Amino acid sequence: MKVLIVGSGGREHAIAASAAKSPKVEKMYCAPGNAGIAEYAECVPIGAMEFDKLVAFAKENAVDLVIVGMDDPLVGGLVDELEAAGIRTFGPRKNAAILEGSKAFSKDLMKKYEIPTAGYENFTDPEAALAYLETAKFPIVLKADGLALGKGVLICQNLEEAKEGVRTIMLDKKFGTAGNEMVIEEFMTGREVSVLSFVDGKTIKTMTSAQDHKRAGDGDTGLNTGGMGTFSPSPFYTKEVEDFCSKYIYQKTVDAMAAEGREFKGIIFFGLMLTEDGPKVLEYNARFGDPEAQVVLPRMKNDLIEVAEACIDGTLDEIDLQFEDNAAVCVVLASDGYPVSYEKGFPIRGLEKFKEHEGYYCFHAGTKFDGDEIVTNGGRVLGITAKGKNLKEARANAYAATEWVQFENKYMRHDIGKAIDEA
Ligand code: AMP
Ligand code: GLY
């Protein structure tokens, strides 16, 4: 079959690499893709938000299956448009992608269906939000309602900071229309765990766990980024935690969406916090995590295309989802200065080494071809993933492999997965 992947980051590279292993796939396209994805797929210069062009391309090229990797097109309704044109698509429709697209929606859903999450209030009026803060407990968390590239969350230590935050989100519109509404929620503490899952509308099958490192600097310092590295599995995601989440979070979320007439098919990404009062949902995403996909998919034993089709067909209950009994670590190589300002266009050397080593992957995030050469083209440039028999070994392997690649302003964190040493 012919498969089209929509997106251009390390996540989409991991999806393409996993899909390429399927005997079902004869031809793969990626829109717009990147220099690494080009190894598996023909990259076509259509942006992820150019819905008409994507639909026309899929029809003209008789694409059998589209996999939408990114949040923006999912929330914007790309799946609905492709389906309306008769094209099978893996990912939630617009009315279900709202689970990620609106934090106010997802909080109300959790409240209504008693799914554990932080206490909160939603606001559309900045004056009401400011008044609420006067009697609130600190620290407190402010969240822009809509998509904000993972940056729309502000943790405020005191009243002054929080008032400033409300102004930033709702009046200055720092995150654009994402700040037309906002959530103010209770600050929680605990370990964070990411659990991704496949969902077919009724059945949910969770994947192996992972953990992201969102801050730019070592020791969780500096600004929030799209993610500087991940490890999988999380030693903090014990059988006990899993059982709790299965009972009170996972299936309940799928059933709640169905009960609301918003049948969810695709990936639900549960951002969890393991608090003293038990696991609680920090956020939902409606897609694979980036860079969570880069540690989860390489460990998956199943044929990704088969699982995606089962989600579309409502037959996920027949799939025995399995992961390797090992570990993986992904270290992001970024351009120095990310996430603020950085130079790009530097040649990348050493990429060929990954072809010679089993269990090592170099997922491209921000790269492009400049003639025959591959050059840096973004803040996050590459995700270096390595497997190992356990997390310590995977971590040592991943860091060794970061030395194989060179480019001028290469920057990385040195403590990805370090928390696991304390486990
Ligand atoms: P989100 O985009 O909702 O996952 O938020 C981004 C990050 O902000 C999370 O990964 C947490 O580290 C932090 N965060 C979000 N909500 C809370 C909360 N209620 N309490 C403490 N930290 C939070
Ligand atoms: N790594 C976090 C995310 O993909 O949202």
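Everything that follows concerns the structure shown earlier in this document.
Cut-offs used in this document
- Residues numbered from 1 in each chain as written.
- Chains lettered and ligands numbered in written order.
- Predicted model: local features only at pLDDT ≥ 70, side-chain atom pairs only at ≥ 80, totals over all residues.
- Heavy atoms only, no water.
- Patch = residues over 30% accessible without salt bridge, like charges linked within 9 Å, V, L, I, M, F, W, Y side chains within 5 Å.
- Areas by Shrake-Rupley, 256 points an atom, 1.4 Å probe, with all protein chains shown as cover.
- Salt bridge = Lys/Arg side-chain N within 4 Å of Asp/Glu carboxyl O.
- Helix = DSSP H or I, 4+ residues; strand = E, 2+ residues; numbered from the N terminus.
- Near = heavy atom within 4 Å.
- Polar contact = N/O pair within 3.5 Å; in protein donor to acceptor, adjacent residues only side chain to side chain.
- Contact = heavy atoms within 4.5 Å.
- Pairing = 2+ DSSP bridges.
- Axes fitted to C-alpha atoms, helices over the stretch in contact; angles between N-to-C directions.
- Buried < 20%, exposed > 50% of the residue type's maximum accessible area, 1.4 Å probe, protein only.
- Phe/Tyr/Trp six-rings, centres within 6.5 Å; stacked < 30°, edge-to-face > 60°.
- 1 Å grid on protein atoms, 1.4 Å probe; cavity = no way out; pocket = protein on both sides within 12 Å on 5 of 7 lines; lining within 4 Å.
- Points joined across faces, edges and corners; volume = space filled by probe spheres on them.
- Nonpolar A, V, L, I, M, F, W, Y, C, P; charged D, E, K, R; others polar.

### Here's the deal with a nonpolar patch on the surface
Okay, so step 1: On the surface, a cluster of nonpolar side chains totalling about 220 Å² of accessible area is made up of Val153, Ile155 and Phe187.
Okay, so step 2: Mapped onto the secondary structure, valine 153 falls in strand β8 (residues 153–156).

### Brief notes about the site of ligand 2
Okay, so step 1: With respect to spatial proximity, the complete set of residues near ligand 2 consists of Asp212, Gly226, Phe269, Asn285, Arg287, Gly289, Asp290, Pro291 and Glu292.
Okay, so step 2: Aspartate 290 has a polar backbone atom sitting 2.9 Å from an oxygen atom of ligand 2.

### Some remarks on the environment of tyrosine 120
Okay, so step 1: As for its position among the elements, tyrosine 120 is in strand β6 (residues 120–123).
Okay, so step 2: C-alpha of tyrosine 120 to C-alpha of glycine 69: the two residues are 51 residues apart in sequence and 30 Å apart in space.
Okay, so step 3: Ignoring any residue separated from it by four or fewer positions in sequence, one finds tyrosine 120 in contact with Lys107, Asp108, Lys111, Val183, Ile184 and Glu185.
Okay, so step 4: A polar side-chain atom of tyrosine 120 sits 3.3 Å from the main-chain carbonyl oxygen of lysine 107.

### Description of the sheet that holds strand β5 (residues 89–90)
Okay, so step 1: Strand order in the open sheet formed by 5 strands is β3-β2-β1-β4-β5, and the pairing between neighbours is parallel. Of all the strands in the sheet, the pair left with one neighbour each is β3 (42–43) and β5.
Okay, so step 2: By the bridge criterion, 6 bridges tie strand β1 (residues 2–7) to strand β2 (residues 27–32) in an arrangement that is parallel. By the bridge assignment, lysine 2 is partnered in β2 with lysine 27.

### Some thoughts on the sheet that holds strand β7 (residues 140–144)
Okay, so step 1: Across the sheet, which stays open at both edges, the 4 strands sit in the order β6-β9-β7-β8 with antiparallel pairing between neighbours. Two strands close off the open sheet at either side, each with one partner strand: β6 and β8. Each adjacent strand pair in this sheet contributes to an overall mean axis angle of 20 degrees, direction not counted.
Okay, so step 2: Sheet topology places β6 next to strand β9 (residues 182–186); 4 bridges connect them, and they run antiparallel. Residue pairing in the sheet places phenylalanine 123 in a bridge with methionine 182 of β9.
Okay, so step 3: Contacts from helix α6 (residues 103–112) reach β6, β7, β8 and β9, with the element oriented near 140 degrees to β6.

### Some points on the pairing of strand β15 (residues 265–275)
Okay, so step 1: Burial runs high along β15: 10 of the 11 residues are buried.
Okay, so step 2: Examined bridge by bridge, strand β10 (residues 191–200) and β15 share 10 bridges and lie antiparallel to one another. Counted as the bridge partner of aspartate 200 is lysine 265 from β15.
Okay, so step 3: Pairing of β15 with strand β16 (residues 278–285) involves 7 bridges; the strand directions are antiparallel. Counterpart to methionine 273 in the pairing with β16 is lysine 280.
Okay, so step 4: Taking the residues that link successive antiparallel strands as the turn, the β15-β16 hairpin has 2 residues.

### Overview of the packing of aromatic side chains
Okay, so step 1: Within this structure, the stated rule accounts for 11 aromatic pairs.
Okay, so step 2: Seen from their ring centres, phenylalanine 90 and phenylalanine 198 are 6.4 Å apart, and the 40 degrees between their planes marks the pair as tilted. Of this pair, phenylalanine 90 sits in strand β5 while phenylalanine 198 sits in strand β10, and the two are 108 residues apart along the sequence.
Okay, so step 3: Its relative accessible area of 0% is what places phenylalanine 198 among the buried residues.
Okay, so step 4: Centroid distance tyrosine 338 to tyrosine 342: 6.2 Å. Interplanar angle 65 degrees. Geometry classified as edge-to-face.

### Structural notes on the layout of surface pockets
Okay, so step 1: In this structure, the second largest pocket encloses a volume near 430 Å³.
Okay, so step 2: Taken together, 20 residues line the second largest pocket, and the ones lying closest to its centre are Glu39, Tyr40, Phe354, Lys355 and Cys362.
Okay, so step 3: Considered class by class, the residues forming the lining of the second largest pocket number 10 nonpolar, 5 polar and 5 charged.

### Structural notes on the pairing of β7
Okay, so step 1: Within β7, 5 of the 5 residues are buried, leaving the element largely enclosed by the surrounding structure.
Okay, so step 2: Every second residue of β7 is oriented toward a common face, with Ile140, Leu142 and Ala144 on one face and Val141 and Lys143 on the other, all of them buried.
Okay, so step 3: Examined bridge by bridge, β7 and β8 share 4 bridges and lie antiparallel to one another. When the sheet's bridge partners are listed, valine 141 is paired in β8 with isoleucine 155.
Okay, so step 4: Both β7 and β9 contribute to a ladder of 5 bridges, which runs antiparallel. Residue lysine 143 lies in a different strand from β9, and its bridge partner there is valine 183.

In short, the description is geometric, and any link to function would need to be established separately.
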